[in-house]
Amino acid sequence: MLGSFAVLRKQSLLGDAISHAALPGIAIAFLITGAKDSNTLLIGALISGLIGTFWIRGIVTKTHLKSDTALGLILSLFFGFGMLLLTFIQKQPNANQAGLDKYLFGQAATLVESDVWMMAIVTGICLIVMLTFWKEFKILLFDADYTKTLGFNTKTIDILITSFIVLAIVLGLQTVGVVLMSAMLLAPAAAARQWTNSLAVMVFLAAIFGAFSGVVGTAISASQNNLSTGPVIVLVAGVFVVVSFIFSPSRGLLFKQIRFIKNRRDLELHKTLAFMHQIAETHEDISHPHAIKLLNNFQGYTRSTLQKLVEKDYVQLQGNMWSLTETGFDTAANLYTKQSTEDE
Amino acid sequence: MTKQMKKIAVKVDDLTVAYNYKPVLWDIDLEIPEGVLMAIVGPNGAGKSTLIKSILGILKPIAGSVTIYGKSYEKQRQLVAYVPQKGSVDWDFPTTALDVVKMGTYGSLGWIKRPGQKEKKAALEALEKVGMLPFKGRQISQLSGGQQQRIFLARALVQNASIYFMDEPFQGVDATTEIAIINILKELRKAGKTVIVVHHDLQTVPEYFDWVTFLNVKKIATGPVKDIFNDDNLTKTYGINYKVSIQE
Ligand SMILES: Nc1ncnc2c1ncn2[C@@H]1O[C@H](COP(=O)(O)OP(=O)(O)O)[C@@H](O)[C@H]1O
Ligand SMILES: [Mg+2]
């Protein structure tokens, strides 16, 4: 759901960076408290995720680095540091550290009821905030400079959006893990974008796709012994993306191809008709028959185009002669005028 | 010099702006009288967009100050409307023409409050003015360049401001749209508004505008078109020996 905003900001890597940045937070929280209690660990993740994000901001505004570079830098820095800490923890004698591994690849099976409640509550809060600041989010995403001139504090809106993305990621960590989290964030949103041109519908669809992937993924992995939940959930989300990219009516590849072929056919038809019109114009009687052979010189002409023209009642055939009907003549004459007005 | 009697709408003092270390604008002083239709001209990279963005507080200058009718820009914000360069936004964003124009009302709405019937009506009127009413429900990605430009213009018109800043509103539009836009700008001037336009086509400056500012990092000249739009200033601004035949 919040992934929609990340997708629209073209900051797809942001999710990656945040989830990787969260790792050292988890490790540090474990080192300090020695607890495996997931809420404590997640607060650690939240803090280091936020620090990572705002560092990225800082790097982008203060240096020449492009934002992708900054993201990559923070991502590897934090992840490396997090792995270092994890290795260190594993060498500790009191290492019942097994519980920490799950944050790498996720383990929905270890979720307990309180975790699920926690997620539900945070999702609810996100939803309320999103609805409250809908207008502000929308305009900032579309045109940040303009938003500033209207008197909105764009920093505040920005921090609000970013914080919620971080929050969503951190919560998802337990389920799908650091490595796959960004895919989980972005896949539903990318899929949703294919189906709609409205921001509201997009966010709504993304939420549904995400939830559906979660449920189906969990079900599949529960039915098989050796499948871990996280990757399966992400795979299901991935299927949504692939299907959406192929089948969506307005942006999908399939329909684009169909439209392309149809357009080309129409064009050929029109070209042939226009050519016939030219010939017919040389005669006073528009339905004066001409030899089909005449058309063979015309590129783009085929038997099936002629057949189509007959079906549309633009052309009549007699033996190996053709003649334009009145509708055919008018349509052809209109083609020119229509084309010149459409160009405008 | 009866011009002195006119109120100054925008006043820029000692404005210096840099992105990194290299100054993009150097010590700009500028007074824009109320009610003019002014072109800002200069070569690519001269800092025209930067000047507008600095006046509007989008960029923070290193030095200098900007006043709008004698008060700081922050206090006078609602008097000013901005039409950004068209290329500055992602036109694939999922929204409609009407929605974009409605954004012009967000400033007066303030935080959280949603646009209602009144705002919708204002947006529709603005769409009508720019001749885009039939496209109100159209996805912005499916508008032509000229239509997108008109949408941006409509969004600024909704703000009902006194001073308009427009960054290359004629960029990539066809001749019909250009005429439509310039007519709207002239109407704004007739209504006593001040309109400042970054403009590229030097040939049309004398025809469209009554005031002009030459800019190339420094301010070269500013004043009435009939007094200062000449080969001398053009050469100073564009570096090469510039000759435009100005129709008398
Ligand atoms: N965001 C930016 N970061 C760094 N340099 C910039 C940025 N925007 C513009 N510049 C530089 O500032 C100079 C002026 O840019 P601009 O104001 O866009 O010029 P104009 O609008 O007159 O073409 C150019 O040299 C440009 O490369
Ligand atoms: Mg510019």
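Note that the coordinates shown come from a computational prediction; the quantities given were computed from them, not determined experimentally.

The next subject is a positive patch on the surface. Taken together, the side chains of R264, R265, K308 and K312 of chain A make up a positively charged region of the molecular surface. Here K312 of chain A shows up in the loop between helix 14 (303–311) and strand 2 (315–318).

All names here are of chain A. On the surface, W195, V239, V242, V243, F245, I246, F247, L253, L254, F255 and I258 cluster together into a nonpolar patch covering about 930 Å² of accessible area. Listing elements by their share of the nonpolar patch, those giving two or more residues are helix 11 (229–247) and helix 12 (253–281). Among the elements that line the nonpolar patch, the one with the most residues is helix 11, at six residues. Positionally, F255 belongs in helix 12. Accessibility expressed as a relative area gives 34% for F255, which makes it partly exposed.

The subject of this paragraph is the site of ligand 1. Residue and element names in this part refer to chain B. Taken together, Y19, V24, P43, N44, G45, A46, G47, K48, S49 and T50 make up all the residues around ligand 1. Separating an oxygen atom of ligand 1 from a backbone N or O atom of G47 is a distance of 3.0 Å. In the model, an oxygen atom of ligand 1 is placed 2.8 Å from a nitrogen or oxygen of the K48 main chain. Isolated, ligand 1 exposes 560 Å² of accessible area, and the fraction of that covered by the protein chains is 58%. In the shell around ligand 1, the residues fall into four nonpolar, five polar and one charged.

This part is about the sheet that holds strand 1 (residues 8–18) of chain B. Residue and element names in this part refer to chain B. A sheet is described by the order of its strands in space; here four strands give the open sequence 2-1-4-5, paired in antiparallel fashion. Taken across any chain shown, the strands that pair with only one partner, and hence form the sheet edges, are strand 2 (23–33) and strand 5 (71–72). One ladder, built from five bridges, connects strand 1 with strand 4 (residues 63–68); its direction is antiparallel. Residue pairing for strand 4: V12 is matched across the bridge by V66.

Below, the discussion takes up the interface of chain B and chain A. Taken together, the 36 residues of chain B in the interface contact 31 residues of chain A. Roughly 3000 Å² of surface becomes buried between chain B and chain A when both sides are summed, with 59% attributable to carbon and sulfur atoms. Considering only the side of chain B, the residues that lose the most area to chain A are F93, P94 and W111 of chain B, jointly responsible for 24% of the buried surface there. At the surface where chain B touches chain A, the tally comes to four salt bridges. The closest approach of N and O atoms between D145 of chain A and K53 of chain B, which form a salt bridge, is 3.9 Å.

Residues and elements named next belong to chain A. Where helix 11 contacts helix 12, the two axes come as close as 3 Å, and the packing angle between them is 15°. Between helix 11 and helix 12, the angle is such that the two are roughly parallel. Of the residues in helix 12, those in contact with F245, I246 and F247 of helix 11 are L253, L254 and F255. The residue inventory of the contact of helix 11 with helix 12, partitioned by class, reads six nonpolar, no polar and no charged.

Applying the stated criterion to the full structure yields 12 aromatic pairs over all chains. Between F133 of chain A and W111 of chain B, the ring centres sit 6.1 Å apart and the planes meet at 85°, which makes this aromatic pair edge-to-face. Here W111 of chain B lies in the loop between helix 4 (106–109) and helix 5 (117–129) and F133 of chain A lies in the loop between helix 6 (113–132) and helix 7 (134–142), a pairing that spans two chains. Since its relative accessible area comes to 18%, F133 of chain A is described here as buried. Taking relative accessible area as the criterion, W111 of chain B reaches 35% and is therefore assigned partly exposed. Through pairs of rings, three or more aromatic residues link up here, namely F133, F137 and F152 of chain A together with W111 of chain B. The residue whose ring lies beneath R155 of chain B is F152 of chain B, and the NZ or CZ to ring-centre distance is 4.4 Å.

In this fold, S141 of chain B is placed in the loop between helix 5 and helix 6 (145–158). Apart from the residues lying within four places of it in its own chain, the contact partners of S141 of chain B are W91 and D92 of chain B.

A word on the side chain of D143 of chain A. Counting through the fold element by element, D143 of chain A comes out in the loop between helix 7 and helix 8 (144–149). Side chain to side chain, D143 of chain A and R155 of chain B meet in a polar contact 2.8 Å long. The contact partners of D143 of chain A, leaving out residues within four places of it in the chain, are P84, V89, F152 and R155 of chain B.

Residues and elements named next belong to chain B. Among the secondary structure elements, T16 is positioned in strand 1. Taking the relative accessible area as the measure of exposure, T16 reaches 10% and is therefore buried. Beyond its immediate chain neighbours, meaning those up to four positions away, T16 contacts L25, W26, D27, P61, I62 and A63.

All names here are of chain A. For chain A, per-residue confidence averages 75 on the pLDDT scale, and 82% of positions sit at 70 or higher. Within chain A, the element-level pLDDT minimum falls on helix 1 (residues 3–8), averaging 52, and the maximum on helix 8, averaging 93. Scored below 50 in pLDDT, residues 339–344 makes two contacts in the model with residues more than four places away or belonging to other chains.

Right, let's talk about the pairing of strand 9 (residues 211–216) of chain B for a bit. All names here are of chain B. Burial of strand 9 is extensive: five of the six residues sit out of reach of the surface. Pairing analysis gives six bridges linking strand 9 to strand 10 (residues 218–224), with the strands arranged antiparallel. Within strand 10, the residue paired with W211 across the bridge is P224. Linking strand 9 back to strand 10 in an antiparallel pair, the connection comprises one residue, with V217 at a positive phi of about 65°.

Conventions adopted
Residues numbered from 1 in each chain as written. Chains lettered and ligands numbered in written order. Predicted model: local features only at pLDDT ≥ 70, side-chain atom pairs only at ≥ 80, totals over all residues. Heavy atoms only, no water. Patch = residues over 30% accessible without salt bridge, like charges linked within 9 Å, V, L, I, M, F, W, Y side chains within 5 Å. Areas by Shrake-Rupley, 256 points an atom, 1.4 Å probe, with all protein chains shown as cover. Salt bridge = Lys/Arg side-chain N within 4 Å of Asp/Glu carboxyl O. Lys, Arg positive; Asp, Glu negative; His and termini not counted. Charge placed at Lys NZ, Arg CZ, Asp CG, Glu CD. Helix = DSSP H or I, 4+ residues; strand = E, 2+ residues; numbered from the N terminus. Buried < 20%, exposed > 50% of the residue type's maximum accessible area, 1.4 Å probe, protein only. Near = heavy atom within 4 Å. Polar contact = N/O pair within 3.5 Å; in protein donor to acceptor, adjacent residues only side chain to side chain. Nonpolar A, V, L, I, M, F, W, Y, C, P; charged D, E, K, R; others polar. Pairing = 2+ DSSP bridges. Contact = heavy atoms within 4.5 Å. Buried area = accessible area lost by both parts, 1.4 Å probe. Axes fitted to C-alpha atoms, helices over the stretch in contact; angles between N-to-C directions. Parallel < 35°, antiparallel > 145°, perpendicular 65-115°, else oblique. Phe/Tyr/Trp six-rings, centres within 6.5 Å; stacked < 30°, edge-to-face > 60°. Lys NZ or Arg CZ within 6 Å of the ring centre and 35° of its normal. pLDDT = per-residue confidence, 0-100.

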